[in-house]
Amino acid sequence: MCTAPADGLLLLHEARAVADTLLGDVLRLPVAKALDVGTAAGMDRAVALLAARLRRAVGRADVDAMREAVAVLDVDWMTTTAAQRRRLVAQSLEAAGRQTAVIPSRIQAPLGDAAQEVVASTRSHARREQGLALAARFNAVDRRVGQHIVRTQGNFIRDEYGRRLDAFGEEARRLVAEGLEAGLGRSDIAESLERAARGALIKRAPFYWEVVASHFISQGRSFSQMSSYAEAGIRRYRIEAVLDEATTQVCRFLHGRTFSVGEALQRFERIESLERPEDVKQELPWVRERLDADTGRAFLYVNRGSQETRLAEVLRSAAGTRDDVGEFRSLASDKQLAEVGIGLPPFHALCRTSLTPFISQ
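All values derive from a computational prediction rather than experimental measurement.

Along the chain, Pro345 connects to Pro346 via a cis peptide bond; the corresponding omega equals 10°. Here Pro346 is to be found in the loop between α13 (334-339) and β7 (354-358). One non-glycine residue, Asp323, lies in the positive phi region at around 55°. At Leu350, a residue that is not glycine, the phi angle is positive and equals roughly 60°. With respect to the helices and strands, the residue Leu350 is situated in the loop between α13 and β7. We classify Leu350 as partly exposed; its relative accessible area is 37%.

What follows covers the nonpolar core. If you look at the biggest cluster of nonpolar residues, it comprises 67 residues, and the most contacted ones within it are Trp209, Phe216, Ile217, Met226, Tyr237, Leu311 and Ile342. Here the element with the most residues in this core is helix α9 (residues 205-231); it accounts for 10 residues. The residues touching Ile217, leaving out its near neighbours within four places in the chain, are Val37, Met43, Ala46, Val47, Leu50 and Val118. Ranked by size, the runner-up nonpolar core spans 24 residues in total, among them Ala65, Ala172, Leu193 and Ile202.

Our next topic: the sheet that holds β7. The strand order across the open sheet formed by three strands is β2-β1-β7, and the pairing between neighbours is antiparallel. Only two strands of the sheet have a single neighbouring strand rather than two, namely β2 (258-260) and β7. Going across the sheet, the axis of each strand differs from the next one's by a mean of 40°, ignoring polarity. The sheet strands contacting α9 are β1 (236-240) and β7, and the helix crosses β7 at an angle near 15°.

A few words now on the layout of surface pockets. In this structure, the largest pocket encloses a volume near 700 Å³. Around the largest pocket sit 28 residues that line it, and Phe156, His215, Lys281, Trp286 and Arg288 are the ones nearest its centre. Of all the secondary-structure elements, those providing two or more residues to the lining of the largest pocket are α7 (140-181), α9 and α12 (277-283). A per-element tally of the lining of the largest pocket places α9 first, with six residues. Across the lining of the largest pocket, the residue classes tally to 14 nonpolar, seven polar and seven charged.

It is worth spelling out empty space enclosed by the protein at this point. Over the atoms, a rolling probe the size of a water molecule traces out where space has been left empty. Tallying each qualifying case throughout the model produces two cavities of 30 Å³ or more. Considering the residues around the largest cavity, the lining is formed by Gly38, Thr122, His125, Ala126, Gln130, Arg221, Gln225, Ser228 and Tyr229. The dominant element in the lining of the largest cavity, judged by the number of residues it contributes, is α9, at four residues. Of the residues that constitute the lining of the largest cavity, the class distribution is two nonpolar, six polar and one charged. Approximately 30 Å³ is the volume attributed to the second largest cavity. In terms of lining residues, the second largest cavity is bounded by Ile149, Thr152, Gln153, Phe156, His215, Phe216 and Gln219. Breaking the lining of the second largest cavity down by element, the ones donating at least two residues are α7 and α9. With four residues, the single largest contributor to the lining of the second largest cavity is α7. Residue classes in the lining of the second largest cavity are distributed as three nonpolar, four polar and no charged.

What counts, and where the lines are drawn
Residues numbered from 1 in each chain as written. Predicted model: local features only at pLDDT ≥ 70, side-chain atom pairs only at ≥ 80, totals over all residues. Heavy atoms only, no water. Helix = DSSP H or I, 4+ residues; strand = E, 2+ residues; numbered from the N terminus. Buried < 20%, exposed > 50% of the residue type's maximum accessible area, 1.4 Å probe, protein only. Core = buried A, V, L, I, M, F, W, Y, C linked by side-chain atoms within 4.5 Å. Contact = heavy atoms within 4.5 Å. Pairing = 2+ DSSP bridges. Axes fitted to C-alpha atoms, helices over the stretch in contact; angles between N-to-C directions. 1 Å grid on protein atoms, 1.4 Å probe; cavity = no way out; pocket = protein on both sides within 12 Å on 5 of 7 lines; lining within 4 Å. Points joined across faces, edges and corners; volume = space filled by probe spheres on them. Nonpolar A, V, L, I, M, F, W, Y, C, P; charged D, E, K, R; others polar.

Below, the structure written as C-alpha cells:
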C-alpha cells in the first residue's frame, strides 16, 4: 500500500506505540513515549504526526463534498433561467456543505489528544532542558490552554471550509455564465466546474493540514511556555529562532527580542473569550513581508483590520543561510511589537520559532 510520507510516519509511530506498550506493560521495561516539541526535530515530527492524524480523521469528506457539488451542477445549462442557475449553485453549496460540516467534529479527538501531548511535552522540556522548578501535574492555565487551542482551531477550520465553499460558489457562477456566453455544451461546462470544485476542496487539503498542525502545536507550545514560566517565577522570555536555510526574514528579525510573561498571559486571557477567527487574528496577527512599490525596499508588517503597521525594513537579507539573522532597521520597539500582538509564535505559517526564559544580568 502506498502512503504519503506523513501517513507512513503515523503508521510507524503507532507501531512503535504498540511495541512500547508491550515493553512497558508486559516486559516491565522502561520506554520513552513522549515527543519533545521543545526541539526542532521533535517539533517537525509532532507536526507530521498530527497532520496525518487529521487527514485520517477527515477521511473522504473533501472528495465527497466535491462529488456532491458537481452532481447537483451536472445539468443542461442552456435550458435554465438565471434564477434557476442561482438556485442550482446554492443547492450545490448546500450539498457540499453537508459533507464538510462533519469535519470540525471529526478532528476534535485528535486535536484533544495532541493538546494534552503538547502541554505535557512543553512542561517536561521546561523542567529538563531549561531547569525550571515545575510541578509534575498540569496547572489551571495549562488546562485552559488545551481547551482554548482545540476550540479555536475548530473554529478556524469551520471558517476555512466556509470560505472555500464561498469561493467555489463565485467561481461556479462565473464559469457557467462564461460557458453559456461561449456556447459551450453541458459536458464542457461540467468539466470546468469539476476542476474548480477539485481545486477548492481537494487540491488545497494536503498542505492545509500541515499548516493547521504546525499552527496548533506552535501556539499550544507558546501558551504552555508562558504558563510554565509564570509558575516558575520567570518574568521575561526571549524569542529563539531556528537559524538555518529555511528561516524566514520574520523570524530572523524577531530572534533575540524579549517580552513580558505577564503581558503575554494577559493577551491569552483576552483571546480566550473570543469566538470569531477574525477576532483572534486581530489579537495575534501573522507578520508578512513585501516590497514597497515606490522604493523597492523590503518591509515586515502586520495588518490589523484596515491598519497596516510596519515593523522593520530589511537592510541585508540572510535568507538561505545558517546562523545569520541579517540586518534590519527596526521601526518598532519590543513594547510596540507586543502592543500589536507580536511576541508569541507562530509568526507565520509553518513557523518553527520557540521561546526561552530570559534572566537579565
